[in-house]
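Each chain, written out:
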Amino acid sequence: MHRVIPLSKRSWPESPPVEVMDAMKKYFGHSTFRPRQWEIVREVMNGGDVLAIMATGYGKSVCYQLPSLLRGDLTIVISPLLSLIEDQLKGLRLNKIRATCITGNTSQSEREGIEREITSRSVHFLYLTPEFVQNADFFLKRIAPYVSMVAIDEAHCVSQWGHDFRSSYRQLAKLKQLLHPVTFLAVTATATRNVADDIKESLGMRNAKEMRTNLNRENIFLEVKRGTRMIDDLTGLLKEDKKGRHFGGPTIIYCQTKEVVNEAKETLIRAGVRVASYHGGMTPTARSKTHDDFLSDRISTVVATIAFGMGIDKPDVRVVIHYGAPKNIESFYQEIGRAGRDGGDSRSIVYFTDAQITRNRSLVAGSVASLSEEYRLHSQQMGVHMEMYLTTLKCRRREILSHFDSLCSSSPKGGCCDNCDRLMLRSVNEETPDLEVSAEARAILNVIQRVYGGRFGGQKAIDYVRGMSKEEERKRRVPNDLKETFGVGKKRNELWWKDLVKQLRMKGFIQENKVQNGFGMVLSVSGEGVRWMNGKEKLLVSATAVQLKKRGSERASHSTPGVGGAWNGGSEKRLLGVTRIREWKSLSDSTPGVLPLAPLPTPQSMQHRLQLQEILFEIRNGLATKRDVAPFHIASNKVIEEIAAIVPSSVDSIASVSDWSEERRREFGPDFIEACTKFAAVTGMSMDTDKKSQWMLTDEQKKKLDQLPPTTVSTYRVHLQTGIKASELATMRNLAESTVCTHLSYCALAGLPLHLEALNISRDLREAVHEEIKNKVGRNIRYLKAIMECFPEGFVDYNKLKIVVNILEYEYGIEGEERGEGKGEMEKSQEKRERTIELPTSSTSNGPPAFKKKKMGL
Ligand SMILES: Nc1ncnc2c1ncn2[C@@H]1O[C@H](COP(=O)(O)OP(=O)(O)OP(=O)(O)O)[C@@H](O)[C@H]1O
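Residues numbered from 1 in each chain as written. Predicted model: local features only at pLDDT ≥ 70, side-chain atom pairs only at ≥ 80, totals over all residues. Heavy atoms only, no water.

### Side note on helix α4 (residues 82-94)
Stage number 1. Across its 13 residues, α4 extends 18 Å between first and last C-alpha, which sits within 8% of the 18 Å expected from 1.5 Å per residue.
Stage number 2. Every buried residue of α4 is accounted for by Ser83, Leu84, Ile85, Asp87, Gln88, Leu89, Gly91, Leu92 and Leu94.
Stage number 3. Looking one or two residues past α4, lysine 96 carries a phi angle of roughly 60°, positive in sign. (Helix = DSSP H or I, 4+ residues; strand = E, 2+ residues; numbered from the N terminus. Expected span 1.5 Å × (residues − 1). Buried < 20%, exposed > 50% of the residue type's maximum accessible area, 1.4 Å probe, protein only.)

Below, the structure written as structure tokens:
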């Protein structure tokens, strides 16, 4: 054990000192902190309580484990699930860190043993369930002198505002008294303003610092599809290779009921997928087998109810499918957050039907009926945001992020969602415009509330404003002002009004209430709706397809700049002119500024690298079985890929592998080194290739690369090192060819050099595209389709076109940006471009999709 430094005796500096960085490298293998991690660690080590709201898979464990490792004292970790606790303990023990747990299954004698370990200061982490804490006052008082911190994982469970309320979490505040003095660190990925305030209040940490990271999980691509037949929907996503049929990597499929779980499992078994199920109707042993088989890659897919939510800690889940409309946006964010915790590209796909949305609404209305108004509205809001996510034609990512932070300051980037992709590949601006509906909204709200008294569904109110004869009788019985409302909306069709009612419900102006002792729901106007009705504020909604139909002439003109929700900059994005302001350099150009690359690997050496990777994966899996842990506990996929690239011959050359702790490197490194040495002897592969020596970029180029999303960086790294074709690159990255080409187009826009020959992009093609842009589309490069239509079929495809257009944008600049003549001006223009990459302004596929800060309410 380390020496114990009493809590108050040391003040930790703003930048992590060397000993902290050494511990980070030693225990976690990380060379840097992610933003806010050190701030959080520092604050709790200086004795302050913290509520940390960090994206799923961001690295909360570092925050609550590092303090005890540095100070050599004891942290109690409260964790909601036994499976999570077991996973954490396995990971810590492999690092030779003393950690233990007490759960309902711990015997009295085991508890006494643990207490002895604590009092002899030979344990760093004690994991407890909140249920255990409820009845353990005497035990906790006895160990109090040894505890310096309490970490509360999944802290949103404290709050009734949240999606996963656990009453036992509310008892945790007593730990402050029982263990006094003690620091609290509460961590969660899902806390809105209300939830955050409630957590602090309920845990008695009113003075806690609240620290938030960006919640955007940009490595998860978001897609939504209409559900059809299960067999078609699910099997249509399958891929086949030597590992059999799978969804492109470890996959979780969430279903709403265990019946659907079983049906999906049977469907996939018949399709040849290695799959198992997980739901509340199974025995704990059967559930635990599914969990273990999934962690150990014996099965590729788990079909589960949401019971499989927080408990899964597998870093390389590539796909999360929701088969059926999810109920609320907060649980949904947690569930899709199971994907891509290793930072790799991942997908979230939802299949839904309208009937499922209606059923969910009815369930929520039923379950919240007994709650107070504020909780009821919040619960309904979580459902409304989910519905908006499913049905929006705009960016889905923004829809999620704005639920947690209405002032969200993150700007979604490329590889974002199906809607952004759709909007990229268009020939005119098809962004849905905002529509002013103040008069119509006031009319229908008035009718719902005053004509029908909140006792009917929406149909009667719609018929009333449309002046339908079946509701005429009603007109005679209402005050005069309401008589006039009869028929005011007859110019709009029924679907138009239905969409408006839905929009008002989504805005929170209309509330749905379940019919008592019956089926269906009735509508009333919420307090917020009444406030708006009585005010003078205008109401803008994002027009639906039906609402647009009525506005044919307006529709043609809605490509006017400025109209169009989140999308930036109207319909035009014109190349500056015909003179290059700077030259974009290919890797084959021997122009100064691009350093020569190390010789590119031959196809044979690439083949060898892949073979070695497979051998190393096998070794890892063998070690995991022997140790009864999951393969990722031994080494992550990324670590294996790095080792296969280095081909180490000694412990020294394995030292540069990142995110691999010292203890793991020491213990498992020799097995991998031995395999590499044998393989190199047979194949003649060169050994000890320092991965860094393959980075031939200038410092300035590296800086630009750092500003791009991590998935783009990974694609670029492989492209740079291998110079292989886009199709091969896609296979290697396990991505679609269009995705890797989009990544490369971002690099081109950032001025980073590419292997253009490998991508089959000639100078002639670049010039031909430039000519057409100048002559036929008025230098407007916003819509790729319009450019594509200038060429005969088959001349160029979208993948090449998006790269070429971005090269041209880099070389010629964009109207409205400064055009520099001298060096200083050029640099200014360059700086501006760098900002563009951070906060992209393009809405076509020639750059990451753009989001207008103002429109996002940023
Ligand atoms: N500073 C860092 N540098 C590199 N990788 C990091 C860093 N911090 C954490 N990670 C990696 O991030 C991944 C997720 O970490 P961790 O399990 O702590 O996430 P989490 O926030 O608890 O996730 P969840 O919300 O899903 O429970 C791990 O693979 C971890 O190694």
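After that view of the structure, there is still more to cover.
### A closer look at the site of the ligand
Stage number 1. Near the ligand there are 16 residues, and of these Thr32, Gln37, Lys60, Ser61 and Arg341 occur at the shortest range.
Stage number 2. Here an oxygen atom of the ligand sits 3.0 Å away from a polar atom, N or O, in the main chain of glycine 59.
Stage number 3. Side-chain polar atom of arginine 341 to an oxygen atom of the ligand: 2.7 Å apart, as the coordinates give it.
Stage number 4. Expressed as a share of its isolated accessible area of 640 Å², the protein-covered part of the ligand is 81%.
Stage number 5. For the shell around the ligand, the element with the most residues is helix α3 (residues 60-71), which contributes three residues. (Near = heavy atom within 4 Å. Polar contact = N/O pair within 3.5 Å; in protein donor to acceptor, adjacent residues only side chain to side chain. Areas by Shrake-Rupley, 256 points an atom, 1.4 Å probe, with all protein chains shown as cover.)

### Quick word on the side chain of threonine 305
Stage number 1. Topologically, threonine 305 is positioned in the loop between β13 (301-304) and β14 (319-323).
Stage number 2. With sequence-adjacent residues up to four places away left out, threonine 305 is seen in contact with Tyr254, Cys255, Thr257, Lys258, Val261, Tyr278, His279 and Gly280. (Contact = heavy atoms within 4.5 Å.)

### Topic: the packing of aromatic side chains
Stage number 1. For the coordinates displayed, the defined rule picks out 13 aromatic pairs.
Stage number 2. Seen in terms of ring centroids, tyrosine 452 and phenylalanine 456 are 5.7 Å apart; in terms of plane orientation they differ by 80°. Their pairing is edge-to-face.
Stage number 3. It is arginine 582 that lies over the ring of tyrosine 810; its NZ or CZ is 4.4 Å from the centre. (Phe/Tyr/Trp six-rings, centres within 6.5 Å; stacked < 30°, edge-to-face > 60°. Lys NZ or Arg CZ within 6 Å of the ring centre and 35° of its normal.)

### Observations regarding unusual backbone geometry
Stage number 1. Residue proline 181 is bonded to the preceding histidine 180 through a cis peptide linkage, with omega at -5°.
Stage number 2. Looking at where proline 181 falls in the secondary structure, it is placed in the loop between α8 (174-178) and β6 (183-188).
Stage number 3. Although it is not a glycine, glutamate 154 sits at a positive phi angle of roughly 50°.
Stage number 4. Position of glutamate 154 among the secondary structure elements: in the loop between β5 (147-152) and α8.
Stage number 5. With phi around 55°, aspartate 628 is a residue other than glycine that occupies positive phi space.
Stage number 6. Its place among the elements puts aspartate 628 in the loop between α26 (603-627) and α27 (631-634).

### Some points on the sheet that holds strand β3 (residues 99-102)
In a beta sheet, neighbouring strands pair by backbone hydrogen bonds and run either parallel or antiparallel.
Stage number 1. An order of β3-β4-β2-β5-β6-β1-β7 is seen for the seven strands of this open sheet, with the pairing classed as parallel. The open sheet has two edge strands, β3 and β7 (209-212), and neither has a second partner. Here the average twist between neighbouring strands, direction ignored, is 20°.
Stage number 2. Both strand β2 (residues 74-78) and β5 contribute to a ladder of five bridges, which runs parallel. Counterpart to threonine 75 in the pairing with β5 is methionine 149. (Pairing = 2+ DSSP bridges. Axes fitted to C-alpha atoms, helices over the stretch in contact; angles between N-to-C directions.)

### Focus on the pairing of strand β8 (residues 220-226)
Successive side chains on a regular strand alternate, one facing one side of the sheet and the next facing the other.
Stage number 1. Of all seven residues in β8, five are buried, a share of seventy percent or more.
Stage number 2. Where β8 lies against strand β15 (residues 346-352), seven bridges are found, and the strand directions are parallel. By the bridge assignment, phenylalanine 221 is partnered in β15 with arginine 347.

### What about the sheet that holds β15?
Stage number 1. Across the sheet, which stays open at both edges, the six strands sit in the order β8-β15-β14-β11-β13-β12 with parallel pairing between neighbours. Each edge of the open sheet is held by one strand with a lone partner, namely β8 and β12 (275-278). Each adjacent strand pair in this sheet contributes to an overall mean axis angle of 15°, direction not counted.
Stage number 2. Pairing geometry for β12 and β13, over four bridges, is parallel. Its bridge partner being in β13, alanine 276 is matched across the sheet by valine 302.
Stage number 3. Relative to β12, helix α12 (residues 284-295) is tilted by about 135°, and along the sheet it contacts β11 (251-255), β12 and β13.
Stage number 4. Sheet strands in contact with helix α13 (residues 329-336) are β8, β11, β14 and β15, and its direction is about 145° off that of β14.

### What to know about the domain arrangement of the chain
Stage number 1. Splitting the chain by domain gives domain 1 (18-212), domain 2 (220-424), domain 3 (434-568), domain 4 (601-693) and domain 5 (696-830).
Stage number 2. Summarising the inter-unit geometry, the C-alpha centres of domain 2 and domain 4 are found 33 Å apart.
Stage number 3. Contacts between domain 2 and domain 4 engage eight residues on the former and six residues on the latter.
Stage number 4. The contact between domain 2 and domain 4 buries some 570 Å² in all, and 59% of this surface belongs to carbon and sulfur atoms.
Stage number 5. Between domain 2 and domain 4 we count zero salt bridges in total.
Stage number 6. Across the contact surface, domain 2 and domain 4 share one residue pair in polar contact (both at pLDDT 80 or more).
Stage number 7. A breakdown of the residues in the side of domain 2 that touches domain 4 according to their chemical character gives two nonpolar, one polar and five charged. (Domains from an automatic or database assignment. Buried area = accessible area lost by both parts, 1.4 Å probe. Salt bridge = Lys/Arg side-chain N within 4 Å of Asp/Glu carboxyl O. Nonpolar A, V, L, I, M, F, W, Y, C, P; charged D, E, K, R; others polar.)

### Thoughts on the pattern of salt bridges
Stage number 1. Counted under the stated rule, the structure contains 45 salt bridges.
Stage number 2. Put simply, lysine 200 and glutamate 210 hold a salt bridge, and the shortest N to O gap is 2.9 Å. Here the residue lysine 200 occupies a position in helix α9 (residues 193-202), and glutamate 210 occupies one in strand β7, the gap between them amounting to ten residues.
Stage number 3. For aspartate 659, the salt bridge is made with lysine 638, and the minimal N-O distance between the two is 2.7 Å. Separated by 21 residues along the polypeptide, aspartate 659 in the loop between α28 (637-646) and α29 (662-683) and lysine 638 in helix α28 bring together distant segments of the chain.
Stage number 4. For aspartate 659, a relative accessible area of 33% corresponds to the partly exposed category.
Stage number 5. Within this structure, Lys96, Arg627, Glu663, Arg666 and Glu667 form a network of salt bridges that share partners.

### A few points about the nonpolar core
In a soluble, globular protein the nonpolar side chains are often hidden away together inside.
Stage number 1. In this structure, Ile76, Leu126, Leu140, Ile152, Leu179, Leu185 and Tyr389 are the most contacted members of the largest nonpolar core, which totals 116 residues.
Stage number 2. Among the elements that take part in this core, α3 stands out by supplying six residues, more than any other.
Stage number 3. Built from parts of two domains, this core gets at least three residues from each of domain 1 (18-212) and domain 2 (220-424).
Stage number 4. Residues within four places of isoleucine 76 in sequence aside, it is in contact with Leu126, Leu128, Leu140, Ile143, Val147, Met149, Val150, Ala151 and Leu179. (Core = buried A, V, L, I, M, F, W, Y, C linked by side-chain atoms within 4.5 Å.)

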